[in-house]
Amino acid sequence: MSSTVSYWIFNSARNSIATLQGGQRLYSRYASNRIKSKWRLFPQGPVTLKTNASCGGIALQKAYRHTSTEEDDFHLPLSPEQVNEVLRAGESAHKILDLVSGVPSSVLRFESNQLAANFPVEDRGGVAACLQTNGLMFGVFDGHGGHACAQAVSERLFYYVAVSLMSQQTLEQMEGAMESMKPLLPILQWLKRPGDSIYKDVTSVHLDHLRVYWQELLNLHMEMGLNIEEALMYSFQRLDSDISLEIQAALEDEMTRNLSLQVAFSGATACMAHVNGVHLHVANAGDCRAILGVQEDNGMWSCLPLTRDHNAWNPTELSRLKREHPESEHRTIIMDNRLLGVLMPCRAFGDVQLKWSKELQRGVLERGFDTEALNIYQFTPTHYYTPPYLTARPEVTYHRLRPQDKFLVLASDGLWDVLGNEDVVRLVVEHLAEVCRHKPDLAQRPANLGLMQSLLLQRKAQGLHATDQNAATRLIRYAIGSNEYGEMEPERLSAMLTLPEDLARMYRDDISVTVVYFNSDSIGASYKGS
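Thresholds applied
Residues numbered from 1 in each chain as written. Predicted model: local features only at pLDDT ≥ 70, side-chain atom pairs only at ≥ 80, totals over all residues. Heavy atoms only, no water. UniProt positions renumbered as here; feature names shortened; annotations may be inferred. Helix = DSSP H or I, 4+ residues; strand = E, 2+ residues; numbered from the N terminus. Buried < 20%, exposed > 50% of the residue type's maximum accessible area, 1.4 Å probe, protein only. Contact = heavy atoms within 4.5 Å. Areas by Shrake-Rupley, 256 points an atom, 1.4 Å probe, with all protein chains shown as cover. Pairing = 2+ DSSP bridges. Axes fitted to C-alpha atoms, helices over the stretch in contact; angles between N-to-C directions. Salt bridge = Lys/Arg side-chain N within 4 Å of Asp/Glu carboxyl O. Polar contact = N/O pair within 3.5 Å; in protein donor to acceptor, adjacent residues only side chain to side chain. Phe/Tyr/Trp six-rings, centres within 6.5 Å; stacked < 30°, edge-to-face > 60°. Lys NZ or Arg CZ within 6 Å of the ring centre and 35° of its normal. Disulfide = S-S within 2.5 Å. Parallel < 35°, antiparallel > 145°, perpendicular 65-115°, else oblique. Nonpolar A, V, L, I, M, F, W, Y, C, P; charged D, E, K, R; others polar.

Named according to an unreviewed UniProt entry, the protein is [Pyruvate dehydrogenase [acetyl-transferring]]-phosphatase 2, mitochondrial originating from Phocoena sinus. Per its UniProt entry, the protein bears the Sequence similarities (unreviewed entry) comment "Belongs to the PP2C family." UniProt lists a comment for the protein under the heading Catalytic activity (unreviewed entry), and it reads "O-phospho-L-seryl-[pyruvate dehydrogenase E1 alpha subunit] + H2O = L-seryl-[pyruvate dehydrogenase E1 alpha subunit] + phosphate".

Laid out in structure tokens, this is it:
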């Protein structure tokens, strides 16, 4: 796409941004002295969450974890049943049954789970189907400096991608419905929502900004819309631009101002996949990760990475940063393996502290915000000369699915910090084998009550009741409960789940995992058909 078109898409909203209307709730920002924290800017010790009568209440995401109210309880081990209850509390699974043009979907099902280390949990995940175009979207969003940005991105990004893929005719129908105040065409069908939204009161504001985007797409007069790679690339950057512009606009409603400020001043990395038939596109900005589990014809399993972490250990990312800034800054762009010495990922949404000029930051924060109540930290890195240093521009990978591509794993860095790519593939393969082995073969025997009772007793006697039915749960179990040799240690697992909230983040991170299983028969049939 030409530079003129790119400029139009990303910058014309600056002249047409809608006026935000009021909301009634706000996000809180949680900060503590955290080992391996993505931000290294917060003061020592936990920060108390504050409320202000004029600001309203604080909306906290439910965290799936064991909590303790007595110091002595911290040492009490959890029973195996309690461990399973904690680990499985965030599970979800969904079978894909819909047919597209009479052809079975290339996706069979997905399984996901999440375990919190922060309170409120800063990770988000979502799954949705595009209703006006073909395709399924899967996303994992890892927040830092609070959960506000991750929540905003997880709720809004899929809509930007879906609109980007719409044809000129569909966009015209959307705009016509808005002008005549008729119901809009449905854009998404959520199969797994990112969590309890606190945006219910400002949804119209976000729709206004989404409308500005599709109006700009209409003005490009592209009959078929953007291709998927362009849609992913521009959607990431446009949403990040809108997040930045929303807090720069003159907002009358205090609640909306507070929420927009918290979204802009926290941050989130993102990894999302778009699957349409045999076409798999993955867009990544930050240090979440996506890999494929591949089974070759000889039965051997291997891992195919689909993303690269955007951090100090990525030579390509270091070269990019050096190209974008003067040679005089080459020694200070990355310090202590962090961007400007403070942030682990080199790409992220939000985090305007590393994107705006010092003057713009001061100008926004001096507009009457109670930054202490909102837990907004005002700081400037030591060597802050030529912003922006951070970008939400994703790296997009395309892969044509083959029958040997069996599953896709997307997860936040809380998983990858402790498990390697090959370990993850091995654990999912072992999970599939265990689930298959423990499934009773009723087709060979009459299914009567006596047989069912016998099978249940047999399972209980063999301890099979503890087998995870969700691959994401198994991955989380081994991520926090295995030793350096990859062996499960029940005592370690129990101890990690018993950590009180103010200590948990010192030993582990939020973990969000989605495992997508592919339909090899459907994928194989598409090759035969072509």
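Alright, that's what it looks like, and here's the rest.
Asks: Would you mind showing me how to read the overall build of the protein here?
Replies: When helices and strands are counted, the protein shows 16 helices and 19 strands. Expressed as a percentage of the 530 residues in the protein, the buried residues total 55%. Long-range pairs, those at least 24 residues apart, make up 77% of the contacts in the protein with a sequence separation of at least 6. A total accessible area of about 23700 Å² is found for the protein, and carbon and sulfur atoms account for 51% of it.

Asks: Whenever I open this one, the sheet that holds strand E6 (residues 107-115) confuses me. Can you help?
Replies: Strand pairing within a sheet occurs via backbone hydrogen bonds; the two strands may be parallel or antiparallel. Pairing within the open sheet is antiparallel, and its six strands lie in the order E3-E6-E19-E18-E12-E13. Each end of this open sheet is capped by a strand with a single partner; those strands are strand E3 (92-95) and strand E13 (301-305). Neighbouring strand axes in the sheet, compared pairwise and without regard to direction, differ in orientation by 15 degrees on average. Inspection of the sheet shows strand E12 (residues 289-295) paired to strand E18 (residues 405-411) by six bridges, in the antiparallel sense. Of the residues in E18, the one forming a bridge with Ile291 is Val409. Lying on the sheet, helix H13 (residues 471-481) is in contact with E6, E18 and strand E19 (511-518); it crosses E19 at an angle near 140 degrees.

Asks: I tried to follow the pattern of salt bridges on my own but got confused; where do I start?
Replies: According to the stated counting rule, one finds 20 salt bridges in the structure shown. A salt bridge links Arg238 to Glu216; the shortest N-O distance between them is 2.5 Å. Placement of Arg238 in helix H6 (residues 228-248) and of Glu216 in helix H5 (residues 203-219) is noted, with a sequence separation of 22 residues between them. In this structure Glu216 comes out as buried when scored by relative accessible area, which is 4%. Residue Arg505 pairs with Asp509 through a salt bridge whose shortest N-O separation is 3.3 Å. Just as Arg505 is buried, Asp509 falls in that class too. One connected set of salt bridges, linked through shared partners, spans Asp423, Arg426, Glu430, Glu434 and Arg474.

Asks: Before we go on, may I ask you to explain the side chain of His206 in this structure?
Replies: Among the secondary structure elements, His206 is positioned in helix H5. Here the side chain of His206 touches Arg156 through a polar contact of 3.4 Å, side chain to side chain.

Asks: How should I be thinking about H13 in this particular structure?
Replies: An α-helix turns once every 3.6 residues. As a result, residues three or four positions apart point the same way. Across the 11 residues of H13, 11 count as buried, placing the element largely inside the fold. The set of residues buried in H13 consists of Ala471, Ala472, Thr473, Arg474, Leu475, Ile476, Arg477, Tyr478, Ala479, Ile480 and Gly481. Its side-chain oxygen 2.8 Å from the backbone nitrogen of Ala472, Asn470 forms the N-cap of H13.

Asks: Please explain helix H14 (residues 490-498) as it appears in this structure.
Replies: Within the span of H14, buried status applies to Leu493, Ser494, Met496, Leu497 and Thr498. Tucked into the core, H14 has its buried residues touching helix H2 (80-88), E6, H13 and helix H15 (501-507).

Asks: Sorry, what's going on with the environment of Arg492 here?
Replies: Looking at the secondary structure, you find Arg492 in helix H14. A residue is classified by how much of its surface remains accessible, and Arg492, at 37% relative accessible area, is partly exposed. Those residues in contact with Arg492 that lie beyond four places of it in its chain are Ile480, Gly481 and Ser482.

Asks: Help me understand the packing of aromatic side chains, please; the structure alone is not making it clear to me.
Replies: Remark: the centre distance and the inter-plane angle together describe each pair of aromatic rings, the angle taken between the planes. Enumeration over the complete set of coordinates arrives at nine aromatic pairs. Each ring, one from Phe158 and one from Trp190, has its centre 5.6 Å from the other, and the planes form 20 degrees; the classification is stacked. Of this pair, Phe158 sits in helix H3 (residues 148-164) while Trp190 is found in strand E9 (residues 188-192), placing the two residues 32 residues apart along the sequence. Exposure remark for Phe158: the relative accessible area of 0% places this residue in the buried category. With relative accessibility at 15%, the residue Trp190 sits in the buried group. One aromatic cluster is present, formed by Phe141, Phe158, Tyr159 and Trp190 through successive ring pairs. Seen from the ring of Tyr517, Arg109 lies directly overhead, with NZ or CZ sitting 4.0 Å from the centre. Positioned above the aromatic ring of Tyr527 is the side chain of Arg400, whose terminal nitrogen or guanidinium carbon lies 4.9 Å from the ring centre.

Asks: Help me understand the state of the cysteines in this model?
Replies: Cysteine pairs can be linked by a disulfide, which is a covalent bond between their two sulfur atoms. This structure, assessed with the given rule, holds zero disulfides. For the unlinked cysteine Cys288, the closest cysteine sulfur is that of Cys271, found at 6.3 Å.

Asks: Looking at this structure, I do not really get the packing of H13 against H14. What am I missing?
Replies: Two quantities define a packed helix pair, namely the angle between the axes and the distance from one axis to the other. Contact pair H13 / H14: the axes reach a minimum separation of 8 Å and the direction vectors enclose 95 degrees. Relative to H14, the element H13 is oriented roughly perpendicular. Seen from H13, the contacting residues are Arg477, Ile480 and Gly481; seen from H14, they are Arg492, Leu493, Met496 and Leu497. For the contact of H13 with H14, the class distribution of residues is four nonpolar, one polar and two charged.

Asks: Whenever I open this one, the pairing of strand E7 (residues 123-130) confuses me. Can you help?
Replies: Consecutive side chains of a regular strand alternate in pointing toward one face of the sheet and then the other. The buried fraction of E7 amounts to eight of the eight residues, a majority that puts the element mostly inside the structure. Residue alternation in E7 divides its side chains into two sets, Asp123, Gly125, Val127 and Ala129 and Arg124, Gly126, Ala128 and Cys130, and both sets are buried. Here E7 pairs with strand E8 (residues 136-144) via seven bridges, running antiparallel. Bridging across to E8, Gly126 finds its partner in Gly139. Here E7 folds back onto E8, and the loop between the two strands holds five residues, one of which, Gly135, carries a positive phi near 135 degrees. Looking at chain direction, E7 and E9 are connected through four bridges and run antiparallel. Paired with Cys130 across the bridge in E9 is Leu188.

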